[in-house]
Amino acid sequence: MISFLRGTVAHVGLSSAVIDLNGAGMSVNATPQTLSGLRVGGEGKLFTSLIVREDSLTLFGFASDDEREVFDVLLSVSGVGPRLALAVLAVHEPEAIRVAAHSGDGKAFTKVPGIGPKVAGRIVLELAGKLVPHGTAGAPVAAVSAESVWKPQVVAAMTSLGWSEKDATASIDKSLADSPDLAANGNVAEILRATLRWLGQDGARAGNRVGARG
């Protein structure tokens, strides 16, 4: 694996740069922010992630190892490819992405071109527990401790997955009836997972989703 590149910057374009490594030019795709830090003729260093496809080898470059880590984790989400993952980093700083994933803030991801509510809901669901804001050590984000803050976010995530707002709200309340500690915790991702598990325990409950779509 190519972990990083360091060499003379030979070219900087709108979406990629070329790094001269002792006479070999390596093309690297990167965000506008990362590219803005490179100067033709100067030395450049980029942390990299190599994407291997049947017909291509593509390098993606990042200004920091943290950016690369977030990029790689985003790729674990079904339906999110390298271009879309890079677009997320073009809109949000790595820490902002960690906070959004940890708190279940799907709206943050809808700010990225190409990501609608449904994809944003899937990102929040699949990233739960994978990205944690630095310094929290997995602790819940204080900003989502109150029901008035976390509940609308959970409802929004569920409606993006196909449930009606009414069914989503009722399901959240019922799934947390026996878990007051989870409600007090206020972790959006955990509450969303608990509600989806509760819905999956009974086929009749899962049928609410079909009814909502019909």
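Counting of residues starts from 1 at the beginning of each chain's written sequence and follows it residue by residue. Per-residue local features of the predicted model are confined to residues with pLDDT of at least 70, and side-chain atom pairs are confined, for both listing and counting, to 80 or more; whole-chain, interface and lining totals are unaffected and use all residues. To get the side-chain values, all heavy atoms of the structure are used, and hydrogens and water are removed first.

Asks: An account of the pattern of salt bridges is needed here, citing residue identities and associated values.
Replies: When a carboxyl oxygen of Asp or Glu lies within 4 Å of a side-chain nitrogen of Lys or Arg, that pair is called a salt bridge. The full count for this structure, using the stated rule, is 3 salt bridges. The salt bridge involving Arg68 is made with Asp65; its shortest N-O contact spans 2.4 Å. Of this pair, Arg68 and Asp65 are both found in helix 2 (residues 65-74), 3 residues apart, which corresponds to roughly one turn of the helix. The rule is simple: take the accessible area with a 1.4 Å probe, protein chains only, and divide by the maximum for that residue type; under 20% is buried, over 50% is exposed, in between is partly exposed. The exposure class of Arg68 is buried, given its relative accessible area of 13%. Residue classification places Asp65 among the partly exposed positions, given a relative accessible area of 39%. Of the charged contacts in the structure, one is a salt bridge between Arg98 and Glu69, with a shortest N-O distance of 3.4 Å. One end of the pair, Arg98, is in helix 4 (residues 94-103); the other, Glu69, is in helix 2, with 29 residues separating them in the sequence. Each helix is a run of DSSP H or I of at least 4 residues and each strand a run of E of at least 2, with the numbering of both proceeding from the N terminus.

Asks: Break down unusual backbone geometry for me, citing the residues and quoting the values.
Replies: One non-glycine residue, Asn22, adopts positive backbone phi at about 50°. Locating Asn22 in the fold gives a position in the loop between strand 2 (16-21) and strand 3 (24-29).

Asks: Talk me through the nonpolar core; I want residue IDs and the actual numbers.
Replies: Throughout this description, the term nonpolar core refers to a set of buried Ala, Val, Leu, Ile, Met, Phe, Trp, Tyr and Cys residues connected via side-chain atoms within 4.5 Å. In this structure, Phe109, Ile115 and Leu127 are the most contacted members of the largest nonpolar core, which totals 44 residues. It is helix 10 (residues 188-200) that contributes the most residues to this core, 6 residues altogether. With 10 residues, the next largest nonpolar core counts Ala17, Val28, Ala30 and Leu46 among its residues.

Asks: Tell me about the environment of Thr159, and name the residues and values.
Replies: Note on placement: Thr159 falls in helix 7 (residues 147-160). For the pair formed by Thr159 and Gly121, sequence separation is 38 residues and the distance between their alpha carbons is 8.7 Å. For this analysis, residues touch if any pair of their heavy atoms sits within 4.5 Å. The contact partners of Thr159, leaving out residues within four places of it in the chain, are Ser164 and Glu165.

Asks: Tell me what's going on with the pairing of strand 1 (residues 4-12), and back it up with residues and numbers.
Replies: DSSP-based pairing: two strands are paired if at least 2 bridges between them are found. Bridge analysis of strand 1 against strand 4 (residues 43-53) gives 5 bridges, and the strand direction is antiparallel. Among the inter-strand pairings, Arg6 is bridged to a residue of strand 4, identified as Lys45. Sheet analysis places strand 1 next to strand 2, joined by 4 bridges and oriented antiparallel. Pairing of Val9 across the sheet is with Ile19, part of strand 2. The turn joining strand 1 and strand 2, which pair antiparallel and follow one another in sequence, is formed by 3 residues.

Purely geometric stuff here, so don't read any function into it on its own.
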